[in-house]
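# Results of the structural survey
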Amino acid sequence: MKDPILEVQNLKKYFQMNRNETLKAVDGISFTLNEGETLGIVGESGCGKSTLGRTILGLYEKTEGNIRYKGKNYPQTKRDRFKLTKEMQMIFQDPYASLNPRSTVYDLIAEPMDIHGLYPNKKQRLHRIEELISEVGLTKEHLNRYPHEFSGGQRQRIGIARALALEPSLIIADEPISALDVSIQAQVVYLLKQLQKEKGLTFLFIAHDLSMVKYMSDRVGVMYLGQLVELTTSDKLYQHPLHPYTEALLSAIPIPDPDIEEKRERIILEGDVPSPIDPPSGCVFRTRCPRAMAICSKIKPNFNEIEKNHFVACHLYQHQEEKYKEKEVGV
Amino acid sequence: MSSMLQNFSKNKTALICMIILLFIIVVVIFSEFLPLHSPNKMNKEYRLQGPSSEFFLGTDQFGRDLFSRIISGAKISLLVGISSVIISVGIGIILGLIAGYFGKWYDSLIMRTMDILFAFPEILLALAIVAALGPGTFNTILAIGIVNIPVFTRLVRGSVLGVKNLEYIESAKSLGAKDTRILFLEILPNITAPLLVQSTLAISGAILTESALSFLGLGVQPPNPSWGGMIAESRRYMELAPGMIIWPCLAMLITIFAINLFGDALNDIFNPLRGKN
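Residues numbered from 1 in each chain as written. Chains lettered and ligands numbered in written order. Predicted model: local features only at pLDDT ≥ 70, side-chain atom pairs only at ≥ 80, totals over all residues.

## Some thoughts on the confidence of the model for chain A
Looking at chain A, the pLDDT average stands at 84 and 95% of residues meet or exceed 70. Mean pLDDT across the elements of chain A ranges from a minimum in helix α11 (residues 320-329) of chain A, with 56, to a maximum in strand β8 (residues 202-206) of chain A, with 91. (pLDDT = per-residue confidence, 0-100. Helix = DSSP H or I, 4+ residues; strand = E, 2+ residues; numbered from the N terminus.)

Take a look at the structure:
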């Protein structure tokens, strides 16, 4: 087992909407990310995946909780945080919006170096930029062009080169492929895997495409309404999902065989995702859960390690002692 | 950029206006080397004359050459127009960026101040400032510059609000960029199009305001010529020498028309809905 590079403990990010309403985008998330691994985070749109990534990166101020990077507490002062940006980088969702339309590719890749004062020597800088651009599969002829002259996939490659320019160890990829064509998605995912192998990068891979996440990740966490409901290795998650929400999500993946597809029964969730401003009491998933019980509306299930490396937050799988406690409450 | 130049050369209005404006600017710059009468030299025996071979557009009530006075007036009008807009654009950009980007009480403070400035009629405010500072070319520039600040502050603030939540701003933040870098290198380059267009319109507005101030005797002081001042002087001699009022008006008309159309054309060129940019 490698060392943990990132430890997130009970992280919360609330947005104050107005005097009486708070949007709980991320509501008590804990996980550990080990060096060199890829942790996938999946969930419906609006479940707080992106907020989670941005809060870890420091783009949003966290409301509560603890983030430890390489065993150290997350720096609070501006200067320390500035240093941390060198370690942690982000790949953005929309390659059409995440590149300044008025900058050339050269300027875009030089920007992180400029900010951090790396490679002040012009020749060295050009050399490094050419190195980066070829690493992501573009050529130096592209350097003098503007973003709008590129396709979505190429733009995402530029975004990746920008993220790599500071040689970070952790990359938060916020739905890096969801805005791309399917054929391009595979290329970009392959590129990310390749880079991970070469540089030993750690990825927090946020997405909603389950099959891509499975291919990409070592472990996968499932998010629902600002909380992690299940977290385990990707094989286990896809073979033996425990949480009813994970089961429903997985059954939504179409199987490319019409015979099986016709016969199998899909779990179709009823209703909409409840508003994160006013989440349900107890278990947040209970309003749509096909297996909801009386206890679910009363007590919030703990995020327990049911078996080694398999965390679930569901009353169907609680420990014995907790069951006892529940009896005492009178459910 | 190259596609923008292409759009530009295709737009005939923009091209014609630019040629007219360039012509005016070149004439103004090289007016001292042209074989013209001195704009302030009086010739008693040639008062209120019509066009002749000696005086191209005729003379005014003191026998001064109208043509050289109009060119000399163009120098002042353009100087006032351009420098006052530089003042208001400069201050407007800074205030607008701060208000739009930092929000909160910065925004409230700046925008409420701008609202107060906006509440005054333009010419009245300019009059008040010139009256307080005293008449003169420099003070006229300053007054018109101050009057136009709210327009640019609002414009910049609005554009910043449109841009500041885009992903590339977040991307810069995630790289550790400081606020000043984000403001001037990320946001500003992306809001230049509406600024450029508004600036051309403001230049013509400034020339008009300067004329109005000079007409009221508070702008450029005699004997130096300015278009507004020339028009004001000519009122009494309209029947005797109609050229005295016609030529400065025509010069102003052509210049402002050219600048306005140029601004409109720039708007078309930069408008993202027209091109693929």
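## A closer look at the sheet that holds strand β1 (residues 4-16) of chain A
Residues and elements named next belong to chain A. On the basis of which strands lie adjacent, the open sheet formed by 4 strands has the order β2-β1-β4-β5 and antiparallel pairing. Each edge of the open sheet carries a strand with a single partner, namely β2 (22-34) and β5 (72-73). The strands touched by helix α1 (residues 49-57) are β1, β2 and β4 (64-69); relative to β2, the strand with the most contacts, the crossing angle is about 65°. (Pairing = 2+ DSSP bridges. Contact = placed C-beta atoms within 7 Å. Axes fitted to C-alpha atoms, helices over the stretch in contact; angles between N-to-C directions.)

## Here's the deal with the packing of helix α3 (residues 66-102) of chain B against helix α9 (residues 192-215) of chain B
Helix packing for two helices is described by the angle between their axes and how far apart those axes are. Residues and elements named next belong to chain B. At a closest axis distance of 8 Å, the pairing of α3 and α9 adopts a crossing angle of 130°. The pairing of α3 with α9 is recorded here as oblique in orientation. Considering only the axes of α3 and α9, their crossing is right-handed. Here S77, V80, G81, I82, S84, V85, S88 and V89 of α3 lie close against α9, whose contacting residues are L195, S199, A202, I203, A206, I207 and E210. (Parallel < 35°, antiparallel > 145°, perpendicular 65-115°, else oblique. Left-handed = near helix turned anticlockwise from the far one by under 90°.)

## Description of the UniProt feature "transmembrane region" (unreviewed entry) in chain B
Residue and element names in this part refer to chain B. Mapped onto the present numbering, the UniProt feature "transmembrane region" (unreviewed entry) falls at residues 13-34, 76-103, 123-147 and 244-263. Secondary structure across residues 76-103 divides into 96% helix and 0% strand, with the first and last C-alpha atoms of the span separated by 39 Å. Annotation note: span residues 244-263, helix share 100%, strand share 0%, distance between end C-alpha atoms 29 Å. (UniProt positions renumbered as here; feature names shortened; annotations may be inferred.)

## Looking at the pairing of strand β9 (residues 219-224) of chain A
Residue and element names in this part refer to chain A. Judged by how many residues are buried, β9 sits mostly within the fold: 6 of 6 residues are covered. The pairing of strand β3 (residues 38-42) with β9 spans 4 bridges and is parallel. Pairing of L39 across the sheet is with R219, part of β9. Pairing analysis gives 6 bridges linking β9 to strand β10 (residues 227-233), with the strands arranged antiparallel. Opposite R219, over in β10, you have T233 as the bridge partner. What sits between the antiparallel neighbours β9 and β10 is a turn of 2 residues, in which L225 has the positive phi angle 50°. (Buried ≥ 20, exposed ≤ 12 C-beta atoms within 10 Å, placed from the backbone.)

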